[in-house]
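Read off the chains here:
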Amino acid sequence: MPLVTTDEMLQKAYEGSYAVGAFNVENLEFVQAVINAAEMTNSPVIIQATPRTLQSVGLDYLHAIVSVAASKSHVPVALHLDHGDSFKLCMRAVRAGFSSVMIDGSRLPLNENISLTKEVCTAAQAAGVPVEAELGRVGGKATDTASEEINPYTDTNEAYEFVLQTKCSSLAIGVGTAHGVYVEEPHIAQDIVCSVREAVDIPLVLHGASGVPSSQIKKAIKNGICKVNFATELRQAYLSAFLDYMNLHPSCIDPKKPAACGIETISSVVSAHMEELGCAGKAF
């Protein structure tokens, strides 16, 4: 089927008390692995990429790859810009055919974040593309240069005003998670998930889920999270499988063979997360 937007996916998750998995991809093999897992578990899926990845792959190349994969699949597939860092990039993604975009103004003062997010929402939503925004801070982004004194947690009152003014489609919130590899066991501030859920009536998003204990993720979904992002875990799985194959077969000159191991490993990781999130069997 053709690419779908995240609107229906996340609304169904919101109503059904489960979450949709959003998986960051780096190349063709990552896309194949994620789609394979979505089909095996009959799950809706969001494939996404960051600005840094898109600098390497290209918006048009990634759109072409994911569009072909979606057209051959029986499950709903959305293509999402993760952590878009400017109005210009978000509009480039919309024009390239991405079916969802994120504008991340969380590093800006609140009024500037609202202004930027509102600008993106007005333009993207007019083209039928939903917009994810971020309020609070998810640690570990390459662009994250804020002082440690800044409170990373989302303020409930600010969240209400932010959603009211920007009309964003979904909201990523700061609850103590981070991107990259955790050096200590992370702890999701479930009270913040609950309070923001009560304050706003749009789907909430959890970033930085790689390495977060499953029990915490499930509790966050029960408390109102509708979209959960995974990235680091997929990169680790692919590279580990690829390198293991090459260590066992050092004379191999066919990159498809170690890549196939990487695809299989990512598919296994993603399938497990589909079950964890409760979206297995929820394809529409």
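See the structure shown above.
J.: Quick question: what am I supposed to make of the sheet that holds strand β2 (residues 45–49) here?
T.: By way of backbone hydrogen bonds, the strands of a sheet pair with one another, either parallel or antiparallel. The strand order β1-β2-β3-β4-β5-β6-β7-β8 describes a closed barrel built from eight strands, whose pairing is parallel. For this sheet, the mean angle separating the axes of adjacent strands, direction not counted, is 25 degrees. Pairing geometry for strand β3 (residues 77–84) and strand β4 (residues 100–103), over three bridges, is parallel. The partner of His 80 across the bridge, within β4, is Ser 100. In the packing of helix α4 (residues 59–71) onto the sheet, the strands contacted are β2 and β3, and the crossing angle to β3 comes to about 155 degrees.

J.: Any chance you could explain the pattern of salt bridges here in plain terms?
T.: For side chains of opposite charge, pairing can occur when their charged atoms come near one another. Applying the stated criterion to the full structure yields four salt bridges. A salt bridge links Arg 235 to Glu 26; the nearest nitrogen and oxygen atoms lie 2.7 Å apart. Pair noted here: Arg 235 is in helix α10 (residues 232–248) and Glu 26 is in the loop between β1 (20–24) and α2 (28–41), with a separation of 209 residues, a long-range link. For Glu 26, a relative accessible area of 25% puts it in the partly exposed group. In this structure, Lys 227 and Glu 132 form a salt bridge, with 2.9 Å as the shortest nitrogen-oxygen distance. One end of the pair, Lys 227, is in strand β8 (residues 225–230); the other, Glu 132, is in strand β5 (residues 131–135), and 95 residues separate them in sequence.

J.: Would you take a moment to explain unusual backbone geometry for this structure?
T.: Positive phi values are uncommon outside glycine, yet Ser 17 reaches one of about 60 degrees. Summarising the element assignment, Ser 17 is placed in the loop between α1 (6–16) and β1. Here the phi dihedral of Asn 42 falls at roughly 55 degrees; this positive angle occurs in a residue that is not glycine. The topology assignment puts Asn 42 in the loop between α2 and β2. Looking at Asn 42, the relative accessible area reads 30%, which means it is partly exposed.

J.: Help me out: how do you make sense of α2 in this one?
T.: One turn of the α-helix equals 3.6 residues, which is why residues spaced by three or four share an orientation. The terminal C-alpha atoms of α2 lie 20 Å apart, and with 14 residues this matches the ideal 20 Å at 1.5 Å per residue to within 8%. Within the span of α2, buried status applies to Phe 30, Val 31, Ala 33, Val 34, Ile 35, Ala 37, Ala 38 and Thr 41. Each element contacted by the buried residues of α2 is listed here: β1, β2, α4, β3, α10 and α11 (256–277). Where α2 begins, one side-chain oxygen reaches toward the backbone nitrogen of Glu 29, 3.1 Å away; that side chain belongs to Asn 27.

J.: Whenever I open this one, the environment of Ala 49 confuses me. Can you help?
T.: Looking at where Ala 49 falls in the secondary structure, it is placed in strand β2. Judged by its relative accessible area of 0%, Ala 49 falls in the buried class. The spatial distance from the C-alpha of Ala 49 to the C-alpha of Asn 27 is 9.8 Å, given a sequence separation of 22 residues. Setting aside residues no more than four positions away along its own chain, Ala 49 makes contact with Asn 24, Val 25, Leu 54, Leu 62, His 80, Leu 81 and Asp 82.

Conventions and cut-offs
Residues numbered from 1 in each chain as written. Predicted model: local features only at pLDDT ≥ 70, side-chain atom pairs only at ≥ 80, totals over all residues. Heavy atoms only, no water. Pairing = 2+ DSSP bridges. Helix = DSSP H or I, 4+ residues; strand = E, 2+ residues; numbered from the N terminus. Axes fitted to C-alpha atoms, helices over the stretch in contact; angles between N-to-C directions. Contact = heavy atoms within 4.5 Å. Salt bridge = Lys/Arg side-chain N within 4 Å of Asp/Glu carboxyl O. Buried < 20%, exposed > 50% of the residue type's maximum accessible area, 1.4 Å probe, protein only. Expected span 1.5 Å × (residues − 1). Polar contact = N/O pair within 3.5 Å; in protein donor to acceptor, adjacent residues only side chain to side chain.

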